[in-house]
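Here is what each chain is made of, one letter per residue.
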Amino acid sequence: MPVALITGASRGIGAATASVLAQEGYRVVVNHRASAPQAEDVAATIIAAGGEAMVIKADVTEPDDVAAMVNEINQRWGGVDVLVHNALTPFDITSFANLTWEQLGGKLDTELRAAFLTTKAVVPGMISRGNGRLIYLSTLLSRRPRDGMIALGTAKAALDQFVRYVALELAPHGITANLVAPTTVEGALSTGKVPAERLAAMAAAVPMKRLARPNEVAKTVAFLASDASGFTTGHYIPVSGGLGMD
Ligand SMILES: NC(=O)c1ccc[n+]([C@@H]2O[C@H](COP(=O)([O-])OP(=O)(O)OC[C@H]3O[C@@H](n4cnc5c(N)ncnc54)[C@H](OP(=O)(O)O)[C@@H]3O)[C@@H](O)[C@H]2O)c1
């Protein structure tokens, strides 16, 4: 069975992705940083439905944690076939006027550090197998600015370009690297902090007149993990109900 590592899978999009990939026949690694009970629940639900899951606590911004996590997966399950880098490191919502370098530089650092460390850790095994899928959660905000989201949007734009370079270099090895870019997702922790009337306005601006659902994001990830997407690499795939068409 192929093995999928989903970073930040204790809730939200990551949890939905772990569940969808388990249904599609992957052994899934449910990574979290500090939400053990929730991560254990995600894994228990997958196992109760007949799937295979294991929980690994690791801070994806810490080199030793990432190395230990991937070593454990290599030893127990033989390697990582699919990396879904989804973990959301903290960021501040602020105008440019109030933005400090610590806020912007800090988010750039954690966003890229996590993507860099997880990618570095899984790629050698993928190269040796001549096959692999790298999938990263971006956001529509990396291309379409929205008030207050300068730190997140800028860091995710850097992630987008990092992934294109990774895709270019790894393509000859049979490894694909792609981005999934949702618009605001209903029920997400961050969405819960947005006032209801602002959420309603955001939904109204989407051509399909609603927010994205975690499962829709997860199914797009599953397509990119599958053989069906084997000749698709370096792409940014919105899950946005028609918002922000190219
Ligand atoms: N929600 C949206 O509306 C939306 C829209 C567009 C894109 N996205 C993207 O989709 C991804 C997931 O978003 P979400 O809203 O589902 O996130 P979320 O609900 O905040 O969940 C984040 C996950 O990341 C984990 N995490 C945070 N820091 C970590 C670290 N250093 N190491 C390991 N795990 C860590 C959290 O676990 P702990 O609690 O244990 O830290 C949690 O499992 C993000 O990349 C986000 O930018 C989200």
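Presented here is an overview of the structure given in this document.

Conventions adopted
Residues numbered from 1 in each chain as written. Predicted model: local features only at pLDDT ≥ 70, side-chain atom pairs only at ≥ 80, totals over all residues. Axes fitted to C-alpha atoms, helices over the stretch in contact; angles between N-to-C directions. Helix = DSSP H or I, 4+ residues; strand = E, 2+ residues; numbered from the N terminus. Parallel < 35°, antiparallel > 145°, perpendicular 65-115°, else oblique. Left-handed = near helix turned anticlockwise from the far one by under 90°. Contact = placed C-beta atoms within 7 Å. Nonpolar A, V, L, I, M, F, W, Y, C, P; charged D, E, K, R; others polar. Pairing = 2+ DSSP bridges. Core = buried A, V, L, I, M, F, W, Y, C linked by C-beta atoms within 7 Å. Buried ≥ 20, exposed ≤ 12 C-beta atoms within 10 Å, placed from the backbone.

## Quick notes on the packing of helix H1 (residues 12-23) against helix H2 (residues 36-48)
Reasoning step 1: Look at H1 against H2: their axes get within 10 Å of each other, and the N-to-C directions meet at 20°. Here H2 runs roughly parallel to H1, going by the angle between their axes. For the crossing formed where H1 meets H2, the hand is right-handed. Together, Ala15, Ala18, Ser19 and Ala22 of H1 and Val42, Thr45 and Ile46 of H2 make up the contact between the two elements.
Reasoning step 2: Taken together, the residues that form the contact of H1 with H2 break down as five nonpolar, two polar and no charged.

## Some remarks on the sheet that holds strand S2 (residues 27-32)
Reasoning step 1: Taken in spatial order, the seven strands of this open sheet run S3-S2-S1-S4-S5-S6-S7, and their pairing is parallel. The outermost strands of the open sheet, each flanked by one partner alone, are strand S3 (52-57) and strand S7 (236-239). The sheet shows a mean angle of 20° between the axes of neighbouring strands, direction not considered.
Reasoning step 2: Relative to strand S4 (residues 82-85), strand S1 (residues 3-6) runs parallel, the two being bridged by three bridges. Within S4, the residue paired with isoleucine 6 across the bridge is valine 84.
Reasoning step 3: The sheet contacts of H2 involve S2 and S3, and relative to S3 the element is tilted by about 170°.
Reasoning step 4: In this fold helix H4 (residues 101-129) packs onto S1, S4, strand S5 (132-137) and strand S6 (175-182), with an angle of close to 170° to the strand it touches most, S4.

## Considerations on the nonpolar core
Reasoning step 1: Within the largest apolar cluster, 72 residues are counted, with the highest numbers of intra-cluster contacts made by Ala4, Ala18, Val28, Val30 and Ile135.
Reasoning step 2: A per-element tally of this core places helix H5 (residues 150-170) first, with eight residues.
Reasoning step 3: Other than its neighbours up to four places away in sequence, valine 28 contacts Ala4, Ile6, Ala18, Leu21, Ala22, Ile46 and Ala53.

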